[in-house]
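Tertiary structure, described
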Amino acid sequence: MVTARSYGIRAGDEREIAIIGVACRTSGADTVEDFWDLLDRGERRIAPVPTVRVPGYETTVDEVPAPMAALIDRPERFDADFFGIKPTAAAAMDPQQRALLESSWHALESAALAPASLAGEPVGVFAGVSSYDYRELALRRNQVSSHTLAGSLHAFLANRLSFHYDLRGPSVTVDTACSSGLTALALAVMALRAGQCSMALVGAANIICDGFYHATLQQAGVLSSTGRSVGFDAAADGYVRGDGVGCVVLKPLGAALDDGDPVHAVIAGVGMNHDGRSATLTAPSAQAQASLIRGALADAGVPGSAIGYLEAHGTGTEAGDPAEIAGIVDGLGLRDHGSMAGPEGRLWVGTVKANVGHTESAAGILGLLKGVGVLRRGRIPRMPGFTAVSPTLETDGLPLQLAGRDANWPRSDAPRLVGVNCFGFGGANAHVILREPPDPASRPGSRTAGTPHRFEGRSHWLGQAPSLDHDSGLMTRDAQPRVTLTPVDHAMPAPVAGPEPAEVLAAVKEAVATVLMIPVDDLGDDDRFHDLGLDSILAVECVQKLNKRFGGTRRSEVLHRFPSSRLLAEHLLNEPADEGQRP
């Protein structure tokens, strides 16, 4: 049987970390095996969002598209009795806390561990979260009780797990926006390496249940207007949101091998960084992403050519996708390698967001779990909905394959390695390198997990009596107050007809320069908006100014399709009447 000694791990050398337990819940999947099956089927879970899931969000204002997302069924259900939580306290608990608590139990079951055996042990908990939907809902309903404090503060996402299992290691909740989950994992790896804990639970959750945050994302211009966007695709126009929760159990690899723990995958390297002062606060930096990947490779002690699959962030935004591909190409050194370690001698790139949407703070953990599934099942699943490579991506002549089709990737003589990207909206980035685990056939005595416990939850929601049925908690009574959306202003007067092309160009440059806070004389006619730092938020402000000046109801996507002052001015002079009022 494989042990730490036979695997070549020396005493005190605990840099490699084993993933010994895995669990998740997404739209269409209640267990991690369900999740991997969903990916293998190429299933896409995007659907219209019921109004009760985004109370207060008005979809008829300013031609804002109806929201689309990949949602978990019945988020109000929770097995409070199983965890010894009173109904009144359960109703005040953020459903993200509830979801992670249940997922942590399944992760420990996956590790073939009895949760009670961890009591009093130096086990750490590291959790990622970013949205406050349930707190916004509590404010909307004016539902505040003695349980609201612990139920709504993000600190309790980790602290509640430490309390429930009586764990004595670090207990940390992380908010780095969309990279929260993978950042939490990187911190857990560092704590394990430093000996601050003997084992760690790492998880993240994202549950959509209020309209305020969705409205802010809509206002920022990052959401897909079609609801069908897929990362790196020619038709990508932003991201589609999703619910999700995931949890993993980590342990130093040597200890896991000696203790007979199941090993689902091995964390060989991690990295974290920030974009620094990029073009704008929210503009991604290809240079920072490349540096991040190189740092993780150095941490793992492997060359870029050894990576065969990369689970990308892949949001489908006009700025994000090209920057990520450029970072991958530079960070892994694809221009220097004739071949990579993936199928057909290429690096394969995909994103789980094509299946279950962008689960925001949970995206990194679900991307990690997809990478684990790729290694366990020996198969790279396709990205459903992917049709053609975006022309904005520079991939010609490179050993890179976007996963528009399935590919088998079985074990071979060389261990397979997977990279996982995750980037925060504010520039905080994380990357993890996974290595395949020892062949299970070489570890006949290792423990195996049983069937996951099936939680029998009841409905627990704000302002709801414990005896009420499922539909009572999610009600349309949240119609007021409404979230005001103002991407365009219809009340502005029509402009004077027939300006000269030079006048239109000057107006475009003035609008762009104003939102960028630069002198208009510094703005060239052919300068690309993205290179200047015009991100999705500033694009919304810019198009508002253009609509005020020229009339019409244009959306911020027009600046992505015509990405320079000259191109945009030519479009404004010739655009169809139903797209915007011609100047």
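For the structure, check the block above.
In this report, the structure presented in the accompanying data block is examined.

So, how was this worked out
Residues numbered from 1 in each chain as written. Predicted model: local features only at pLDDT ≥ 70, side-chain atom pairs only at ≥ 80, totals over all residues. Heavy atoms only, no water. Phe/Tyr/Trp six-rings, centres within 6.5 Å; stacked < 30°, edge-to-face > 60°. Buried < 20%, exposed > 50% of the residue type's maximum accessible area, 1.4 Å probe, protein only. Helix = DSSP H or I, 4+ residues; strand = E, 2+ residues; numbered from the N terminus. Lys NZ or Arg CZ within 6 Å of the ring centre and 35° of its normal. Axes fitted to C-alpha atoms, helices over the stretch in contact; angles between N-to-C directions. Parallel < 35°, antiparallel > 145°, perpendicular 65-115°, else oblique. Left-handed = near helix turned anticlockwise from the far one by under 90°. Contact = heavy atoms within 4.5 Å. Core = buried A, V, L, I, M, F, W, Y, C linked by side-chain atoms within 4.5 Å. 1 Å grid on protein atoms, 1.4 Å probe; cavity = no way out; pocket = protein on both sides within 12 Å on 5 of 7 lines; lining within 4 Å. Points joined across faces, edges and corners; volume = space filled by probe spheres on them. Nonpolar A, V, L, I, M, F, W, Y, C, P; charged D, E, K, R; others polar. Pairing = 2+ DSSP bridges.

Applying the stated criterion across every chain yields a total of 8 aromatic pairs. Each ring, one from Phe-78 and one from Phe-83, has its centre 5.9 Å from the other, and the planes form 5 degrees; the classification is stacked. Of the two residues, Phe-78 and Phe-83, both sit in the buried class. Arranged with centres 4.8 Å apart and planes meeting at 85 degrees, the rings of Phe-82 and Trp-105 form a pair that is edge-to-face. Taken as a pair, Phe-82 in the loop between β4 (77-78) and α2 (87-92) and Trp-105 in helix α3 (residues 95-110) lie far apart in primary sequence, 23 residues in all. For Phe-82, a relative accessible area of 30% corresponds to the partly exposed category. Three or more aromatic residues joined by ring pairs form one cluster here, namely Phe-78, Phe-82, Phe-83, Trp-105, Tyr-165 and Phe-455. Just above the ring of Tyr-132 sits the side chain of Arg-135; from NZ or CZ to the centre is 3.8 Å. Its end group placed over the ring of Trp-409, Arg-416 keeps NZ or CZ at 5.7 Å from the ring centre.

Moving on, we get to the packing of helix α10 (residues 286-300) against helix α11 (residues 320-332). Relative orientation of the contacting elements α10 and α11 amounts to 40 degrees, with a least axis distance of 7 Å. As the angle between them shows, α10 and α11 are arranged oblique. The handedness of the crossing between α10 and α11 is right-handed. From α10, Ala-286, Gln-289, Ala-290, Ile-293, Arg-294 and Leu-297 reach across to α11, where they touch Ala-323, Glu-324, Ala-326, Gly-327, Ile-328, Asp-330, Gly-331 and Leu-332.

Most often, soluble globular proteins keep nonpolar side chains buried together rather than apart. The biggest cluster of nonpolar side chains holds 51 residues, and the ones touching the most others in it are Ile-19, Leu-185, Val-202, Leu-250, Ile-267 and Leu-434. A per-element tally of this core places helix α7 (residues 180-193) first, with 8 residues. In this structure, Leu-185 is in contact with Val-202, Val-248, Leu-250, Ile-267, Ile-365, Leu-368 and Val-432, ignoring residues within four places of it in sequence. Counting residues in each nonpolar core, the second largest holds 40 residues, with Ala-99, Ala-111, Leu-118 and Val-266 among its members.

Here we take up the layout of surface pockets. Considering only enclosed or pocket space, the second largest pocket measures out at about 670 Å³ in volume. Lining the second largest pocket are 28 residues, and of these Arg-25, Asp-30, Glu-102, Arg-454 and Phe-455 lie nearest its centre. For the lining of the second largest pocket, the secondary-structure elements that each account for two or more residues are β1 (17-26), β4 and α3. Tallied by class, the residues present in the lining of the second largest pocket amount to 10 nonpolar, 9 polar and 9 charged.

Here we have 11 strands laid out as an open sheet, ordered β6-β5-β7-β9-β1-β10-β17-β16-β11-β12-β14, and mixed in their pairing. The open sheet is flanked by β6 (171-174) and β14 (400-402), the only strands paired with a single partner. Neighbouring strand axes in the sheet, compared pairwise and without regard to direction, differ in orientation by 25 degrees on average. Here strand β5 (residues 123-128) pairs with β6 via 4 bridges, running parallel.

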